[in-house]
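What the coordinates show
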Amino acid sequence: MLRLILTCVQVFASFVIVGLVLLQRGKGAEAGAGFGAGASGTVFGARGATTALSRATAVFAAIFMINSLALAYLGTTASKQQEAQKTILDEAAMPQPKPAPATGSAAPSSVPATPSPAQPAQNPAPPPASTAPTPAPAPTPK
């Protein structure tokens, strides 16, 4: 709730700053000031005199900066709290990795023995090992 309020204040302050800056006159706003006509001493204005618009801009800039720091602080503490508040139920709700199927088990398989042309074989079984020794080839007569 606090984050929502601070975000609304941030957006409002940014729009007000943009509006105030656009309303203010520039330091060289007079047409003849660039050519030295008459008002050359007041081109940059008096240092002590500030208008209400420049004061309001400074106030809203300070609000914007403080609000930015507050939002950054809330963002970092919220992520730390979310990491720390994981419960056993949260971990139980996470899907567990499935163990690999055991090879050589005697359980019947639901995979067909011969794959159809549309369905390739997923895990082909190794050929059965024979216990009898293979006979040597007969010598060829010359």
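Residues numbered from 1 in each chain as written. Predicted model: local features only at pLDDT ≥ 70, side-chain atom pairs only at ≥ 80, totals over all residues. Heavy atoms only, no water.

All right, on to the overall build of the protein chain then. Each helix and strand counted, the protein chain has three helices and zero strands in total. From first element to last, N terminus to C terminus, the protein chain shows the α and β order α-α-α. Out of the 142 residues in the protein chain, the part that is buried amounts to 7%. Put simply, of all contacts in the protein chain between residues at least 6 apart along the chain, 79% involve residues at least 24 apart. Of the roughly 12700 Å² of accessible surface on the protein chain, a fraction of 68% belongs to carbon and sulfur atoms. (Helix = DSSP H or I, 4+ residues; strand = E, 2+ residues; numbered from the N terminus. Buried < 20%, exposed > 50% of the residue type's maximum accessible area, 1.4 Å probe, protein only. Contact = heavy atoms within 4.5 Å. Areas by Shrake-Rupley, 256 points an atom, 1.4 Å probe, with all protein chains shown as cover.)

This next bit is on a nonpolar patch on the surface. A contiguous nonpolar surface patch, about 580 Å² in accessible area, is contributed by Met1, Leu4, Ile5, Val9, Val59 and Ile63. Taken together, the elements giving at least two residues each to the nonpolar patch come down to helix 1 (2-23) and helix 2 (52-84). Take the nonpolar patch: its biggest share by element is three residues, from helix 1. Along the polypeptide, valine 59 turns up in helix 2. On the basis of relative accessible area, valine 59 is assigned to the partly exposed category, the value being 48%. (Patch = residues over 30% accessible without salt bridge, like charges linked within 9 Å, V, L, I, M, F, W, Y side chains within 5 Å. Salt bridge = Lys/Arg side-chain N within 4 Å of Asp/Glu carboxyl O.)

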